[in-house]
Every structure is written in structure tokens, then in C-alpha cells.
Amino acid sequence: MARPLLKIQRYFRRKPVRFFSLILLYLTAGSLVFLHSGFVGGTFSGSGSGAGAGGGRGRDPLVASDLGAGKAASTARQEVAGAMSRVFREPRRHGRRYGPAWMKRARQDGQKVGGRGGDAGWNRALKGRNGKDADDGRAKYVGCYVDDIQKRALRGVSFFDYKKMTVFRCQDNCAERGYLYAGLEFGAECYCGHKVQGANVTESECNMECKGERSSACGGANRLSIYRLELSHESARRYGSAIFKGCFLKPDNVSLALPVTAVIQNMSVDKCVDMCTEKEQSLAVLAGDRCHCGFPTSHFSLHEPEEENMCLHRCHVEELESCGNDQYFVVYQTQVQDNRCMDRRFLPSRSKLLQALASFPGAGNTWARHLIELATGFYSGSYYFDGSLYNKGFKGERDHWRSGRTICIKTHESGKKEIEAFDSGILMIRNPYKALMAEFNRKYGGHIGFASQAHWKGKGE
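The numbers attached to residues start from 1 for each chain and follow its sequence in the written order. This being a predicted model, a pLDDT of at least 70 is required before a residue's local features are given, and a value of 80 or more before pairs of side-chain atoms are given or counted; all residues contribute to the totals for chains, interfaces and linings. Only heavy atoms go into the side-chain values, all of them from the structure, while hydrogens and water stay out.

(A) Just the state of the cysteines, in detail. Counting rule for disulfides: a pair of cysteine sulfur atoms within 2.5 Å. Going through the model one piece at a time under the given rule, you end up with 8 disulfides. The residue that forms a disulfide with C174 is C192, at a sulfur-sulfur distance of 1.9 Å. Here C174 and C192 share a disulfide; its torsion about the S-S bond, -75 degrees, makes the bridge left-handed. Of this pair, C174 sits in helix α7 (residues 167-176) while C192 sits in strand β4 (residues 189-193), placing them 18 residues apart in sequence. Partly exposed describes any residue whose relative accessible area lies between the buried limit of under 20% and the exposed limit of over 50%, with all areas from a 1.4 Å probe on protein chains only and scaled to the type maximum. What makes C192 buried here is its relative accessible area of 1%. Linked covalently through their sulfurs, C272 and C291 form a disulfide whose S-S length is 2.0 Å. Torsion about the S-S bond of the C272 and C291 cystine: about 80 degrees, corresponding to right-handed handedness. Each helix is a run of H or I in the DSSP string that is no shorter than four residues. Each strand is a run of E no shorter than two, and both are numbered from the N terminus.

(B) Inspection of unusual backbone geometry at higher detail. Located in the positive-phi region is N222, a residue other than glycine, with phi close to 55 degrees. You can see N222 is positioned in the loop between β7 (213-217) and β8 (223-229).

(C) The arrangement of the sheet that holds strand β15 (residues 355-359) in detail. A strand pair is defined by DSSP finding two or more bridges across the two strands. Spatially, 4 strands are ordered β16-β17-β15-β18 in an open sheet, and the strand pairing comes out parallel. Across the chains shown, the open sheet's two edge strands, defined by having one partner strand only, are β16 (381-382) and β18 (424-428). With 5 bridges connecting them, β15 and β18 associate as parallel partners. Considered in β18, the bridge of A356 is made with G425. Of the strands in this sheet, β15, β16, β17 (409-411) and β18 touch helix α11 (residues 365-376), which is tilted by about 145 degrees from β15. Should any heavy atoms of two residues lie within 4.5 Å, those residues are considered in contact. Lines fitted to C-alpha atoms define the axes here, with helix axes fitted over just the stretch in contact, and angles between the N-to-C directions of these axes take values from 0 to 180 degrees.

(D) Structural view of the nonpolar core. To qualify as a nonpolar core, a set must consist of buried Ala, Val, Leu, Ile, Met, Phe, Trp, Tyr and Cys residues joined through side-chain atoms within 4.5 Å. Ranked by internal contacts, the top residues of the largest apolar core, which has 20 residues, are M267, C272, C276, L286, C291 and Y332. Listed by contribution, the elements that provide at least two residues to this core are β10 (242-249), α10 (269-278), β12 (283-287), β13 (290-294) and β14 (328-333). Here this core takes 5 residues from α10, the largest share from any one element. In terms of nonpolar packing, the next biggest core, distinct from the first, is built from 18 residues, C170, C192, V201 and Y227 among them.

Given below as C-alpha cells:
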């Protein structure tokens, strides 16, 4: 027996790494066995107590065949299992549950009740915190209000989400559109408005949970949980989908500057904006009980706004809104886009003079072409043909550069022969470093893209 042990000792002396590896494996295996026996012990402990109470229902049939040996084995096994279960069970009793004091109190109250009482206490605590007491600087809870399908309490935009509606989502959407109030109903409906036009009721009537946030109340049946929003400066300059442009002096010729006009009873911003949007005009102008619509022109350029207190004439039905007066107009920009500068065409007659728009690659030639086309209404051409630019709207890209149908021709050529091919030119100069960087980005990322990190780190050309 001594010789084999001596051989093993000599072997591990020569290779200590294998010795330590064997020790590590031994310790790991022992730990796993210890853990397994602990978890199994918890089960045995429960079954043992059940057997004692239930008259042998939990006994092993093999042990039951020999009562004496079975009792001894069962007793020993229960003692070991009980010790193991105490080792592993007691730490679980004090799980890591960090949180504020009010959460701990809610859990304690729930544990006293037992069963689902803990969850109920948790939900009540969250409801109390996220409901009527919610005031995080973004919105302040106002109360529970009656909402009528025929006469809404909040009469702005609305949207529904029957799966993921939350209080924050509703507030964020209403604030983004410039509304003063956000209200939630039926747990999934969000309404926005500038004024609450409904009766206040008790909080118990707003008892539906949000579909996407079970811990918060989102109104009830025909009941709105309403919040007043603390809008940013940018949002405060909006009214729903319209953007507030300012107060302006009445133009000399109103019918020429603002050709669409209507008298509206009970004037409000909503009514004027809706009318001008329907007429496909980009400006909604309020002047007392009159609503004017049009586009910015030299007759009404919006370049010289007046002090806003000159327009402080309240609307008849909306005390929070200003509807302007006979001399000073309140102007809003609707969602209608001004496409007058988007219409482009080729020159009506072929030009005999060729105008070059010359630059080093990356100097902003394409951007300059875009501005020239919008300012003049005529297409620009190119010495080259770039299919991607043609697909993006530069229709002159496909025309031959000598066609004479474009207002100018893009070129990067610098040879004497190429320069002399043009009758005149516009030379664009940019910081060389920025031009080189822009050209590198264009080469590998397209006209509006960027080169990847792999291209910057590569050898390149």
C-alpha cells in the first residue's frame, strides 16, 4: 500500500499543476454534492412533516417494508435534512429587497395579511404614489373628471393604445403637440386639450389601471384622469398641431396678402387652424372674429413681429386664447407645407450660354445646386451623370451638359480645355481639409452618408 502512495507522491511532485487541478476538482464536486443535499433536504423535511401529520402518506414504500429500520433511517435522514434546510432556507427569508421605506412597509403589511395580500399592498402603494400625488416636474395631477362622448372634456387630439398605454406616454404626446392638459380614460385612451370642460368627480370613479402600467390609474368609464403639463418653451409656442408665429401688424392690402377670409362665430384658434388646413394654406391668421388664410409673401413676410401684448384680445369662448384684433393679427403656421418653391422645371427656351458651377469635390456643390433650384425654380445640370442624385430629384442630372436646358452645370474639372468649354462660371471654395473629409465621406457613404470606421482605419487611396 505504501508503494502506490509513494509513486503518486513522486508523480505530483514532478507535476504540481495537475495536483492543484485535482484538488480544485475535488472541492468543486464536494460543493455540488453539499448544495444538492441542501435543496433535497428541504423537500424531505416537508415530506417528513406531512407524513407525521397525514398518517404515512409521505412514506417511502421501500422503507415502509421494514418499520424498525425505516423509522431509524427516516429519523436520521430528517435530522440531516432539517439541518441542511436551515442552512439554505434561512438566508432566503431575508432576500435582497432594496427600496424606499414606503415599499418595505407595504410588503410588511402584505405579509401580515398573507397570500396575495403582499401584492395588494404593493399595488396600493404604487397607485397612491403614481396617481393623484404624482408631481415630478413634468405634470401635475388635476383630478378625475366626467367625459361625455357628445361633449368632450378635452377637445384636442386623441389616440388609443389598448396594449401599452401609460401615463407618461399620454403626457409626452400631448406636451409634444403643445397642449396644456393630458387626460386618460378607459385605461387605454389619451385625450389632449387646452381647457378642461367637464365636471370634477371623486377619485374612486377613476379606477381603471393603465394597459401598459398596471400600477397607475388611467381614468374609468367616461371618466378622465387629467394632468396639467409643465410645457417647455418650445412646446408652449405651439397650439396642437399648429406653430405660433407671433403677433403682426395688419398688412396694407389684406385681400392681396391673405386671399382666403371668413367670419367665424365664437372664434377660436382651433376653428381658424382647421379652416386654413382644409383650404391647404400654410398660415392661419386670427383677427377678432375673422380668420384669414394664405402663404408668406412680400405683402405679409412675417419678418417684423410686434409685441405680443398688442394682440391680447381674448377669444369669445376660450379665455386662455388670443384671437387678435382689427389692427394686430395672431399668426399660426398649419401643417400644410409650402410647396411653392418645390416646383422645378427646365428652362422654357434653350440657353446659348453655359454657366459652370465649379468646385473641388466635397466643397458643397450639390447643396448649392439644391438652393439654386429652389430659389429659381429651374433645374441645374451636371458635367457627369449621377443616378443616385437623379433619383433624389435632380432631374437635370440626366440631361446632356450642353443641352442648354439647365440654369447651371456642376463640374469638378480643372483642365484648360474643360474650363474653356463654358462661357462663365461660379467658383465655390471651401476649407481644403473639410473638402477632403467631405469627399471621402461621399465616396464611401454617398452624398448624405458617412464613411465607416473600417474605411477610416484602412489603407485607402
